[in-house]
Amino acid sequence: MKKKFLAGVAIASAMTLFLTGCGSGSDDKASGSGGGGDVIKVGFAQTGSESGWRSANTDSMKKAFSKENGFDLVFNAADNDPAAQIAAVRSFINQGVDAIVVAPIVEDGWDDVFKEAADAKIPVILEDRTVSSDPSLYATWIGDNFEAEGEAAGKWAADNVGTAPTKMVVLEGTTGSSAANDRATGFDKAIAGSKITKIDSQTGDFTRDGGKKVMEGFLQKYGKDGIDLVFAHNDDMALGAIEAIKAAGATPGKDIKIVSIDGVHDGMQALADGEINYIVECNPLLGDDAAALVKKVIGKETVEKANFAKDGAFDQEQAKAALPTRAY
Amino acid sequence: MSRLIKHHLFWPGFALVALVVLNTVARPRFIEISVQHGALYGAPIDILRNSAPMMLVALGMTLVIATRGIDLSVGAVMAVSGAVALTIIDGSDSPGSVGTVLIAILVGVGVSLILGVWNGFLVSVLKIQPIIATLVLMMAGRGVALLITDGFITTVTSDPLKYVASGHLLGLPFAFFIWVAAVAVVSLVERRTALGVLTEAVGINPEASRLAGVRATGIILGTYVVSGGLAGMAGVIYSSNIMAADANAAGELIELYAILAVVLGGTSLAGGKFSIAGTVIGVLIIQTLESTILFLGVSSAQSPVFFAAVVVLVVLIQAPAVHRAARQFVQRRSANVPDITPGTEVAR
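Residues numbered from 1 in each chain as written. Chains lettered and ligands numbered in written order. Predicted model: local features only at pLDDT ≥ 70, side-chain atom pairs only at ≥ 80, totals over all residues. Heavy atoms only, no water.

### Re the nonpolar core
Most often, soluble globular proteins have nonpolar side chains that are buried together.
Here's step 1: Judged by nonpolar contacts, the single largest core of 87 residues is most densely connected at Leu56, Val57, Trp179, Met233, Ile237 and Ile285 of chain B.
Here's step 2: Per-element tally for this core: the top contributor is helix α4 (residues 52-66) of chain B, with eleven residues.
Here's step 3: When near neighbours in sequence (up to four residues on either side) are disregarded, Met233 of chain B contacts Leu56, Ile105, Val109, Val164 and Ile178 of chain B.
Here's step 4: Judged by nonpolar contacts, the second largest core, of 33 residues, contains Val169, Tyr222, Ile227 and Met237 of chain A. (Core = buried A, V, L, I, M, F, W, Y, C linked by side-chain atoms within 4.5 Å. Buried < 20%, exposed > 50% of the residue type's maximum accessible area, 1.4 Å probe, protein only. Helix = DSSP H or I, 4+ residues; strand = E, 2+ residues; numbered from the N terminus. Contact = heavy atoms within 4.5 Å.)

Written out as structure tokens, the structure reads:
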């Protein structure tokens, strides 16, 4: 008994080693030497690497803040640990960088460290997410406009589907998240006056499983002929809904049309395959815009407090054309 | 009639039937079952199919709770098992072959069994409090799953894998047969051998059972291994359902829902006596309740409150204190005694 047991423990520990081994080596914490001359030294505190969107965002930032573009980038990924991220920003201040870019993990708790940066005369630029601190503590913000994304999706639905009476169900994102709230607001605004009726709406928590379960429920409740259009607050829920629609014996993209937001790879693939009808992109490629903003801020030019990235949109043909060259 | 009411499964069963009736009254479509592509199709069938992951997890949880333990790591184990299995399929040259999928599932469940051994080792040999011992893996496991998938959602195309969650056998979902088989095997082993009695003995009084010659260490370890293995299979079904390994979302909060299902089924968190049939009903109540939220059209913002309110109601109708109060009330009325001072125990 005891021997068997020890063998089990040995296997377990060996397995742990194997597991850590095969996934290692993703984050390179590049750190540059002190820049001289015209090189702008920038510290970028990223949230972590929790999703494909985030990886694409990191790549874009690293490319934009490259040596060729006149930057010296100090990169830190905090693995979604707010304390580690604040520590990273503090270390940027100690290193005497010229500007700090932060994608804040959480909204709160930034006042002290931003004041320290202000005392050291280092401008802070927020990327992607915002903070609850007083706007005077940071120079500017660059990110995606969720409401405009919802509006673009709604406009397509109103123009292409809403000309005939349409029964629509909505797969909402995580209840209370700004992405879910703002996308819903924008979409509802755009479909006002069209022949689209929202017959039901429920949260799918931004996950594939959630999207599939909720869609299954809707299909049971209204029947596959009782639903004409699905608006999913993100691609993952749309992908779940596709599975549910197929299981119910209907064809996604034809019998039941799908509009979604995000533009992740699997979503674009489904769009190219004709299973989704329209995707509004939530652009992770914020690097170039962020780099331009940093240059303006350092050059003491006036900048807007909030800057929205350009979000593209794709129909099925455009997705086919765009897929081979997509960065994410 | 009164014997029926006294049966420990009466109230959980009553709650389940009440939910089904409520749904059917709200929308008669709920109970409609049609035949589609040679398989049964309808909301009750969806409930039976979607129950599979939670059913397996709750089944393992029942045994762990019977030994006075708790396993918080099941959701993370689900994520690891799904990540391992789908990474193997994704990396294989023939993702569509039955052999590849079988190997992937075996490795995924195998890794989960080892994680179960780890939990069991911490609890039974090192005597660490179960809630802390399994918390370690609950947090670390999801990280491991994210490392395996590199932070991405691994999507695969594989018909044999799809069959696990979405396929049909004899007109019924294959996933339904998986959980029925798991429930049958665990019930047989626990109830047709002395193992069930020994498990309960360890949970009721570990010291006394040790003195009576029960090998508590092995029994406790075994329950965590079973819980890990079942969670691993649940992870495979979850991934098969969406044909993707979603390390962030797989099995999120399922540990708490599984504990809820066990308790709704009448098993005490204090350990000891357990009811597998009760757990089955508990899981079906939770799944039906999720359908109810959709069928009644409860809004997203209100659904957690609705869910909680129903759960409290179901727990209340099972509570002995409530039964006693109800009996007192009935007796007072029939005996026509105008006042009994509050708090007085009525002789039974």
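Back to the write-up after that little detour.
### With respect to helix α9 (residues 265-272) of chain A
Here's step 1: All of the buried residues in α9 of chain A are Gly267, Met268, Ala270, Leu271 and Ala272 of chain A.
Here's step 2: Buried residues along α9 of chain A sit in contact with α8 (235-247), β10 (278-281), β12 (313-315) and α11 (316-322) of chain A.

### Some words on the environment of Trp118 of chain B
Residue and element names in this part refer to chain B.
Here's step 1: Take Trp118: it is sitting in helix α6 (residues 98-125).
Here's step 2: Assessed through its relative accessible area of 35%, Trp118 is described here as partly exposed.
Here's step 3: When the C-alpha positions of Trp118 and Val225 are compared, they lie 8.3 Å apart, and in sequence the two are 107 residues distant.

### Concerning the interface of chain A and chain B
Here's step 1: In this assembly, 42 residues from chain A lie in contact with 46 residues from chain B.
Here's step 2: At the surface where chain A touches chain B, the tally comes to two salt bridges.
Here's step 3: Residue Arg49 of chain B is joined to Glu216 of chain A by a salt bridge in which the shortest nitrogen-to-oxygen separation is 2.4 Å.
Here's step 4: The interface formed by chain A and chain B contains 18 residue pairs in polar contact (both at pLDDT 80 or more).
Here's step 5: Among the elements of the structure, α1 (2-23), α2 (52-64), β7 (196-203), α7 (208-222) and α8 of chain A are those that each provide at least two residues to the side of chain A that touches chain B.
Here's step 6: If one sorts the elements of the side of chain A that touches chain B by residue count, α7 of chain A sits on top with twelve residues. (Salt bridge = Lys/Arg side-chain N within 4 Å of Asp/Glu carboxyl O. Polar contact = N/O pair within 3.5 Å; in protein donor to acceptor, adjacent residues only side chain to side chain.)

### Brief notes about the confidence of the model for chain B
Here's step 1: For chain B, the average pLDDT comes to 88, and 96% of its residues sit at 70 or higher.
Here's step 2: When the elements of chain B are averaged for pLDDT, helix α1 (residues 2-6) of chain B gives the smallest value, 72, and α4 of chain B the largest, 95. (pLDDT = per-residue confidence, 0-100.)

### Some details on the packing of helix α5 (residues 74-91) of chain B against α6 of chain B
All names here are of chain B.
Here's step 1: In the contact formed by α5 and α6, the axes pass within 8 Å of each other and the chain directions differ by 150°. Of the possible angle classes, the one that applies to α5 and α6 is roughly antiparallel. For the pair α5 and α6, the sense of crossing is right-handed. Of the residues in α6, those in contact with Val77, Val80, Ser81, Val84, Ala85, Ile88 and Ile89 of α5 are Thr100, Val101, Ala104, Val107, Gly108, Val111, Ser112 and Leu115.
Here's step 2: Here the residues of the contact of α5 with α6 sort into eleven nonpolar, four polar and no charged. (Axes fitted to C-alpha atoms, helices over the stretch in contact; angles between N-to-C directions. Parallel < 35°, antiparallel > 145°, perpendicular 65-115°, else oblique. Left-handed = near helix turned anticlockwise from the far one by under 90°. Nonpolar A, V, L, I, M, F, W, Y, C, P; charged D, E, K, R; others polar.)

### Looking at a nonpolar patch on the surface
Here's step 1: A grouping of Val125, Leu126, Ile128, Ile131 and Ile132 of chain B is seen on the molecular surface, where their side chains present a nonpolar patch of about 390 Å² in accessible area.
Here's step 2: With respect to the secondary-structure elements, Leu126 of chain B resides in the loop between α6 and α7 (130-149). (Patch = residues over 30% accessible without salt bridge, like charges linked within 9 Å, V, L, I, M, F, W, Y side chains within 5 Å. Areas by Shrake-Rupley, 256 points an atom, 1.4 Å probe, with all protein chains shown as cover.)

### Things to note about the side chain of Asn277 of chain A
Residues and elements named next belong to chain A.
Here's step 1: Structurally, the position occupied by Asn277 is in the loop between α9 and β10.
Here's step 2: In this structure Asn277 comes out as buried when scored by relative accessible area, which is 7%.
Here's step 3: At 2.9 Å, the side chain of Asn277 and the backbone oxygen of Gly253 are in polar contact.
Here's step 4: At 2.8 Å, the side chain of Asn277 forms a polar contact with the backbone nitrogen of Ile258.

### Notes on the sheet that holds strand β4 (residues 124-127) of chain A
Hydrogen bonds between backbone atoms are what pair the strands of a sheet, whose relative direction is either parallel or antiparallel.
Residues and elements named next belong to chain A.
Here's step 1: In space, the six strands of this open sheet follow the order β2-β1-β3-β4-β5-β11, with parallel pairing throughout. In this open sheet, the two edge strands, each paired with only one partner strand, are β2 (71-77) and β11 (306-308). Looking at each pair of strands side by side, their axes are set apart by 20° on average, direction ignored.
Here's step 2: For strand β3 (residues 99-102) and β4, the ladder comprises three bridges, and the chain directions are parallel. Bridge pairing in β4 links Ile100 to Val124.
Here's step 3: Its contacts with the sheet place helix α10 (residues 287-298) against β1 (40-46), β2, β3, β4, β5 (140-143) and β11, and it is angled at close to 170° to β5. (Pairing = 2+ DSSP bridges.)

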